[in-house]
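A structural walkthrough
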Amino acid sequence: MRLHAFPDALGIAGRLARSLRRPCRPIDLHRFPDGESLVRVDHRPGADAVLVRSLDDPNARLVEVVLAADALRRAGARRVVLVAPYLAYMRQDAVFAPGQPISQRAIGALLGGSVDAVLTVEAHLHRVRRLAEVFPVPARSVPAAPAIARWLRGHAPGAIVVGPDEESEPWVRAIAAAAGVPFVVGRKRRRGDRDVRVQLPTGARGAHAVIVDDIASSGRTIAEAAVGLRRAGFARVDAVVVHAILARGAIASLREAGVRRLVSCDTIPHPSNAIPVAGLLAPLLRALPPGAGWTRGGGS
Ligand code: R5P
């Protein structure tokens, strides 16, 4: 097996390669003046290829992943496995208004037509609950909840865990149970990209709250929850997210809302990264499909 890392994924790909004791090669990436991309890979014919890239800022990255998968096959890869610690377009999992696509399914078909398997961390699976419904190839989403619970046990033992929306209830409940702390879940209404309202239950009382969410994009969801918690009397509000997308202005909004510390998994490189995921991904790569845990479309 040989790992191949895009320039934006060298950190996590290196950690994964060390954990697997396999070589990792950087992918040469050229962007032409017209915006097209050219990739170049260095592969050993007959070996499995593991393509590593998170799909935040996804549009050009998706195309480049498809090009790299083609290059790897031409270079003789036995199988091409995409490791996308963050998978984009998972939130549009239904037609919410007439005329919209199901982006999740369209992107699943695009990637599934290029690679032989997909591995990710904590995919946004809410209405669609299994990656089997997203990808036509074997796919696994590794849960980040146990790693987040471990972090909470070590860093916030007396806190209350707060989920900002009802969708996240089972996830937040599992994290709180594993961390041995109480939890509450708010109700979220989104009226626009950066226009979010979060209503917290009246039972949210205490001194230290930790908001947990899978994604922080504009940061508005966490910021709104933090404002509510500060109003409810919490002296300290922190936040833990899996995927720190943190679009422009997000960090300022979190700071203004009174979030003291933001911690994230290292699925997307960011100074808040404190929870490594390479150790969660490595065992599944050691057992590539059809190995243990890799039933077709299996897993969560
Ligand atoms: C939504 O379903 C997700 O779980 C996150 O709450 C959401 O993506 C956060 O987005 P933003 O940071 O833009 O409020």
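Quick summary incoming for the structure in this document. Numbering of residues begins from 1 in every chain and follows the order in which that chain's sequence is written. The model is predicted, so local features are restricted to residues of pLDDT at least 70 and side-chain atom pairs to those at 80 or more, both for listing and for counting; the totals for chains, interfaces and linings are taken over all residues. Only hydrogens and water are removed before side-chain values are computed, so all heavy atoms of the structure are retained for them.

For the rest of this paragraph, the subject is the overall build of the chain. Segments assigned H or I by DSSP are reported as helices when at least four residues long, segments assigned E as strands when at least two residues long, and all are numbered from the N terminus. Within the chain one finds eight helices and 16 strands. The C-alpha atoms of the chain give 20 Å as radius of gyration, which agrees with the globular expectation for 300 residues (19 Å, within 12%). In terms of its C-alpha atoms, the chain occupies a principal-axis envelope of roughly 60 × 40 × 35 Å. The buried label applies to any residue whose accessible area, calculated with a 1.4 Å probe on protein chains only, is under 20% of its type's maximum; exposed applies above 50%, and partly exposed to all values in between. Sorting the 300 residues of the chain into buried and exposed places 54% on the buried side. Sequence-distant contacts in the chain: of pairs separated by 6 or more residues, those separated by 24 or more amount to 63%. Accessible surface computed for the chain: about 13400 Å², of which carbon and sulfur atoms make up 51%. His residues and chain termini do not enter the charge count, which takes Lys and Arg as positive and Asp and Glu as negative. A charged residue contributes its charge at one atom only: NZ of Lys, CZ of Arg, CG of Asp or CD of Glu. Computed over 42 positive and 26 negative side-chain charges, the inter-centroid distance for the chain is 6 Å. Within these notes, the globule rule equals 2.2 Å times the number of residues to the 0.38 power, and the radius of gyration is based on C-alpha atoms. In what follows, residue pairs with any heavy atoms lying within 4.5 Å of each other are defined as contacts. All accessibility values rest on the Shrake-Rupley procedure with a 1.4 Å probe; residue burial counts only the protein chains present in the view.

So, on to the packing of aromatic side chains. The geometry of an aromatic ring pair comes down to the distance between the two centres and the angle between the two planes. Classification of ring pairs uses Phe, Tyr and Trp, with its six-membered ring standing for Trp, and accepts pairs whose centres are within 6.5 Å; under 30 degrees between planes counts as stacked, over 60 as edge-to-face, and the remaining range as tilted. All told, the structure shown has zero aromatic pairs when counted by the stated rule. Over the aromatic face of phenylalanine 6 sits the side chain of arginine 53, whose NZ or CZ is 3.8 Å from the ring centroid. Sitting over a ring, as applied to charges here, requires NZ of Lys or CZ of Arg to be within 6 Å of the ring centre and within 35 degrees of the ring normal.

All right, on to the site of the ligand then. Being near a molecule or strand, for a residue, means having at least one of its heavy atoms within 4 Å of it. Lining the immediate environment of the ligand, one finds 15 residues, of which Asp213, Asp214, Ser217, Ser218 and Thr221 sit closest. Within the contact set of the ligand, an oxygen atom lies 2.5 Å away from a side-chain nitrogen or oxygen of threonine 221. The fraction of the free accessible surface of the ligand (380 Å²) that becomes covered by protein chains is 93%. Comparing atom positions with the cavity grids shows the ligand to sit within the largest pocket. Broken down by secondary-structure element, the contributors of at least two residues to the shell around the ligand are strand 11 (187–192), strand 13 (208–216) and helix 6 (220–231). Polar contact is defined as a pair of N or O atoms within 3.5 Å, subject to the rule that within protein one atom must be able to donate a hydrogen and the other to accept it, and that residues adjacent in sequence are counted only when both atoms are side-chain atoms. Buried and open spaces are told apart on a 1 Å grid over the protein atoms alone, a cavity being a set of points where a 1.4 Å probe fits but cannot get out and a pocket being an open set with protein on both sides within 12 Å along at least five of seven lines. Residues with an atom within 4 Å of a point are the lining residues. By definition, a pocket or cavity contains a molecule when more than half of the molecule's atoms lie within 2 Å of the pocket's grid points.

Grid points are joined across faces, edges and corners, and a volume is the space filled by probe spheres set on the points. Taken as a whole, the largest pocket holds about 1300 Å³ of empty space. If you trace the largest pocket, you find 43 residues lining it, with Met90, Arg91, His124, Asp214 and Ile215 closest to the centre. Residue assignment for the lining of the largest pocket shows that the elements contributing at least two residues are helix 5 (169–179), strand 11, strand 13 and helix 6. Amino acids outside the nonpolar list (Ala, Val, Leu, Ile, Met, Phe, Trp, Tyr, Cys, Pro) and the charged list (Asp, Glu, Lys, Arg) are all regarded as polar, and Gly is one of them. Class assignment for the residues of the lining of the largest pocket results in 17 nonpolar, 10 polar and 16 charged.

Only buried Ala, Val, Leu, Ile, Met, Phe, Trp, Tyr and Cys residues count toward a nonpolar core, and they belong to the same one when joined by side-chain atoms within 4.5 Å. With 49 residues, the main nonpolar core has Leu16, Ile148, Leu152, Val212 and Leu285 as its most contacted residues. Residues Ile27, Val39, Ala68 and Leu87 belong to the second largest nonpolar core, which totals 35 residues.

Below, the discussion takes up the environment of arginine 25. On the secondary structure map, arginine 25 appears in strand 2 (residues 24–26). Overall, the relative accessible area of 27% leaves arginine 25 in the partly exposed class. Sequence spacing of arginine 25 and alanine 60 is 35 residues, and the spatial spacing of their C-alpha atoms is 21 Å. Excluding its chain neighbours within four sequence positions, the residues that come into contact with arginine 25 are Arg2, Leu3, His4, Ala5 and Asp42.

What follows is about helix 5. Every buried residue of helix 5 is listed here: Trp171, Val172, Ile175, Ala176 and Ala179. The arc that holds every buried residue of helix 5, seen down its axis, measures 125 degrees, which confines them to one face. Buried residues in helix 5 make contact with helix 4 (145–155), strand 9 (160–163), strand 10 (183–185), strand 13 and strand 14 (236–244). Looking one or two residues beyond helix 5, the residue adopting positive phi is glycine 180, at roughly 70 degrees. In this description, the arc belongs to the directions extending from the helix axis to the C-beta atoms.

This part covers the pairing of strand 5 (residues 49–52). Because side chains alternate across strand 5, one face comprises the buried residues Ala49 and Leu51, and the other comprises Val50 and Val52, equally buried. A pair of strands is considered paired only if DSSP assigns at least 2 bridges between the two. Relative to strand 5, strand 1 (residues 2–5) runs parallel, the two sharing four bridges. By the bridge assignment, leucine 3 is partnered in strand 5 with valine 50. Taken together, the four bridges between strand 5 and strand 6 (residues 80–84) define a ladder with parallel strand orientation. Within the sheet, the bridge partner assigned to valine 50 lies in strand 6 and is valine 81.

Criterion for a salt bridge: a side-chain nitrogen of Lys or Arg within 4 Å of a carboxyl oxygen of Asp or Glu. All chains considered together, the criterion is met by 21 salt bridges. Across the salt bridge formed by lysine 188 and aspartate 165, the nearest N and O atoms sit 3.4 Å from each other. In this pair, lysine 188 sits in strand 11 while aspartate 165 sits in the loop between strand 9 and helix 5, placing the two residues 23 residues apart along the sequence. According to the relative accessible area criterion, lysine 188 is partly exposed, its value standing at 27%. The closest approach of N and O atoms between glutamate 166 and arginine 187, which form a salt bridge, is 3.9 Å. Of the two residues, glutamate 166 is situated in the loop between strand 9 and helix 5 and arginine 187 in strand 11; the sequence distance between them amounts to 21 residues. Because the salt bridges share partners, they merge into one network encompassing Asp8, Arg31, Arg53, Asp56, Arg61 and Glu64.

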